[in-house]
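Listed below, chain by chain, are the residues.
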Amino acid sequence: MRVINSVKEMQQWSQEQRRSGNRLGLVPTMGFLHQGHLSLVRLARADCDKVIVSIFVNPMQFGPNEDLEDYPRDLKRDLTLLEAEGVDAVFNPEPAEMYPDGFSSAVTIEGEIAQKLCGSSRPGHFRGVTTVVCKLFNICLPDKAYFGQKDAQQVMVLEKMVRELNFPLEIIRGPIVREEDGLAMSSRNTYLNEEQRQQALVLSRSLNAAQAAIEGGERDPAKIKALLWEYIEASPLAEVDYIEIYDGEELRDINTIECPALIALAVRFGKTRLIDNLLVEG
Ligand code: AMP
């Protein structure tokens, strides 16, 4: 497994692989890997000739009062896990390699899709995401790029970027991977103390209750939102950032739950902000 820190070397490696006829899969991550990340690596491994995983805690997608400094890191462990998955190359640049002095470009997606949900509670977040992913696409030159449904809005924004800016690649979505008790896996789960970890189960449990209500015929988003609020507010450590239901393609407002619809939650436990979602499909 090659570990590459330089943009130029990564680009050269990918160009050589493409010239040899290999189809490249890219899994972008911020490291501190768990089974959610590894599920995407396995999808790529099954689908592509060569698999690249990027590990880069992207400063541009963190707000000034967010957890950039505290974000968990363990490169040694990550590399061991990726080696065992048969990954071909790991791209692990320093921030200065990605954003040299004077860097001033950005890719932004206008419109509701990037302004609602995390776009409104984390101003500038998606601008950071689209910019870094655009750079990763130009550096790693993938045929396919893999993103988790865990970050539903992120993958929607990136699909739109790829479509509208004509990137010659395909985005593949992987399903949400959960702990046995239902908590969606996240590198940020390590911030939770025992009590918060237990109460964090309200995210997946409330989504399960919403799903059951929808399967039972409920189509009123206001009623489903009320049900979610009731569940989550019953947990004393939970502080709701948002509970929203939009259409599952462009995040438009909806009056009736029709497929696809996205039910999205962001809830804080102390300083830790967790997200989870349910895509209601036909
Ligand atoms: P991150 O390292 O948190 O930026 O995540 C890197 C990629 O892994 C993103 O595409 C995430 O959506 C995906 N991912 C993170 N957690 C999960 C999970 N629990 N299930 C599936 N994919 C995930």
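Residues numbered from 1 in each chain as written. Predicted model: local features only at pLDDT ≥ 70, side-chain atom pairs only at ≥ 80, totals over all residues. Heavy atoms only, no water.

Packed helices, taken two at a time, are described by the angle their axes make and the gap between the axes. Viewed as axis vectors pointing N to C, helix α10 (residues 201–215) and helix α11 (residues 221–233) meet at an angle of 150°, and their least axial separation amounts to 9 Å. For the element pair α10 / α11, the angle class is roughly antiparallel. Read as a crossing pair, α10 and α11 show a hand that is right-handed. From α10, V202, R205, S206, L207, A209, A210, A213 and I214 reach across to α11, where they touch I224, L227, L228, Y231 and I232. When its residues are assigned to classes, the contact of α10 with α11 shows eleven nonpolar, one polar and one charged. (Axes fitted to C-alpha atoms, helices over the stretch in contact; angles between N-to-C directions. Helix = DSSP H or I, 4+ residues; strand = E, 2+ residues; numbered from the N terminus. Parallel < 35°, antiparallel > 145°, perpendicular 65-115°, else oblique. Left-handed = near helix turned anticlockwise from the far one by under 90°. Contact = heavy atoms within 4.5 Å. Nonpolar A, V, L, I, M, F, W, Y, C, P; charged D, E, K, R; others polar.)

Quick look at the environment of R73 now. Relative to the helices and strands, R73 resides in the loop between β3 (50–55) and α3 (75–84). Note: C-alpha distance between R73 and P142 (69 residues apart in sequence) is 25 Å. Discounting residues that sit within four places of it in the chain, R73 has contacts with F32, V57 and L68. A polar atom in the side chain of R73 sits 3.3 Å from the backbone oxygen of L68. (Polar contact = N/O pair within 3.5 Å; in protein donor to acceptor, adjacent residues only side chain to side chain.)

Another point: the pairing of strand β5 (residues 144–148). Within β5, five of the five residues are buried, which leaves it mostly tucked inside the rest of the structure. Neither face of β5 is left uncovered, since the one carrying K144, Y146 and G148 and the one carrying A145 and F147 both have all their residues buried. Where strand β2 (residues 24–29) meets β5, two bridges bridge the pair, whose relative direction is parallel. Opposite G25, over in β5, you have K144 as the bridge partner. Of the strand pairs in this sheet, β5 and strand β6 (residues 170–174) are connected by five bridges, and their pairing is parallel. (Buried < 20%, exposed > 50% of the residue type's maximum accessible area, 1.4 Å probe, protein only. Pairing = 2+ DSSP bridges.)

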